Amino acid sequence: MEFYEVSVEAHRHCATIYVMGLLADPAALHTGTLIDLLPPTTATVRLDLRAVELIDPGAFVSVARALNRWRDLSRGHVTIEFPARSRPRSNHLHLVRQPNTLRSPSDTAMSCR
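Residues numbered from 1 in each chain as written. Predicted model: local features only at pLDDT ≥ 70, side-chain atom pairs only at ≥ 80, totals over all residues. Heavy atoms only, no water.

Caption draft 1: Here's a closer look at helix H2 (residues 57-74). The terminal C-alpha atoms of H2 lie 26 Å apart, and with 18 residues this matches the ideal 26 Å at 1.5 Å per residue to within 8%. Along H2, the positions that sit buried rather than exposed are Ala 59, Val 63, Ala 66, Leu 67 and Trp 70. For H2, the buried positions fall inside an angular range of 95° around the axis, keeping them on one side. Pointing more than 90 degrees away from the buried face of H2 are the exposed residues Pro 57, Arg 65 and Asp 72. Here the buried face of H2 lies against strand E2 (14-23), helix H1 (25-36), strand E3 (44-55) and strand E4 (77-81). (Helix = DSSP H or I, 4+ residues; strand = E, 2+ residues; numbered from the N terminus. Expected span 1.5 Å × (residues − 1). Buried < 20%, exposed > 50% of the residue type's maximum accessible area, 1.4 Å probe, protein only. Arc of directions from axis to C-beta. Contact = heavy atoms within 4.5 Å.)

Encoded structure:
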């Protein structure tokens, strides 16, 4: 049973590699193999990770290195689409009010009733 799927859609100058499920070592190896097999006419590689449920950091580094190697050898362009939940949820900065830990004794007095 495989917990991932990797597929490729390629045209003369552009290729998109789709990774779905678990991005672990087997998916990274499969992805790296596809990157290595791209034709020399490919100018742009897009890696679509939007359907990935979990990312193993070591596997992601392996894929990133394969993309860097391809980019350096072909002088091409690389784009990566990350899963939606790894993107910032909003452009606004929300600050959480911190409790005042420097209270005076009168602030913390208890009622004797």
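Caption draft 2: Looking closely at the confidence of the model for the chain. Residues with a pLDDT of 70 or more make up 74% of the chain, whose mean pLDDT is 84. Long-range and interchain partners of residues 104-113, a stretch whose pLDDT sits below 50, account for one contact in this model, where long-range means more than four residues apart. (pLDDT = per-residue confidence, 0-100.)

Caption draft 3: Expanded view of the pairing of E3. By the bridge criterion, nine bridges tie E2 to E3 in an arrangement that is parallel. Each residue of the ladder has a partner; that of Tyr 18, found in E3, is Asp 48. Relative to E4, E3 runs parallel, the two sharing five bridges. Residue Thr 44 lies in a different strand from E4, and its bridge partner there is His 77. (Pairing = 2+ DSSP bridges.)

Caption draft 4: Expanded view of the packing of H1 against H2. Packing of H1 against H2 leaves a shortest axis separation of 8 Å and a crossing angle of 5°. With respect to H2, the element H1 is oriented roughly parallel. Of the residues in H2, those in contact with Asp 25, Ala 28, Thr 31, Gly 32, Ile 35 and Asp 36 of H1 are Ala 59, Ser 62, Val 63, Ala 66, Leu 67, Arg 69 and Trp 70. Its residues assigned to classes, the contact of H1 with H2 shows seven nonpolar, three polar and three charged. (Axes fitted to C-alpha atoms, helices over the stretch in contact; angles between N-to-C directions. Parallel < 35°, antiparallel > 145°, perpendicular 65-115°, else oblique. Nonpolar A, V, L, I, M, F, W, Y, C, P; charged D, E, K, R; others polar.)

Caption draft 5: Structural context of a nonpolar patch on the surface. A surface patch of nonpolar side chains, about 310 Å² in accessible area, is lined by Phe 3, Leu 22 and Leu 54. Examined against the element boundaries, Leu 54 turns out to sit in strand E3. (Patch = residues over 30% accessible without salt bridge, like charges linked within 9 Å, V, L, I, M, F, W, Y side chains within 5 Å. Areas by Shrake-Rupley, 256 points an atom, 1.4 Å probe, with all protein chains shown as cover. Salt bridge = Lys/Arg side-chain N within 4 Å of Asp/Glu carboxyl O.)

Caption draft 6: Inspection of the pattern of salt bridges at higher detail. Overall, the coordinates contain six salt bridges when judged by the stated rule. Its salt-bridge partner being Arg 46, residue Glu 81 comes within 3.9 Å of it at the nearest N-O pair. With a gap of 35 residues between them, Glu 81 in strand E4 and Arg 46 in strand E3 connect regions that are remote in the sequence. Note that Asp 48 is salt-bridged to Arg 50, the shortest N-O span being 2.7 Å. A relative accessible area of 45% means that Arg 50 is categorised as partly exposed.

Caption draft 7: Structural view of unusual backbone geometry. At Arg 75, a residue that is not glycine, the phi angle is positive and equals roughly 55°. Tracing the chain through its elements places Arg 75 in the loop between H2 and E4.

Caption draft 8: Broad picture of the sheet that holds E2. Spatially, E1-E2-E3-E4 is the arrangement adopted by the four strands of the open sheet, whose pairing is mixed. Looking at strand neighbours, the two that pair on one side only are strand E1 (4-10) and E4, the edges of this open sheet. On average, each strand axis in the sheet is inclined to that of its neighbour by 15°, with strand direction left out of account. Packed on one face of the sheet, H2 meets E2, E3 and E4 and runs near 180° to E3.

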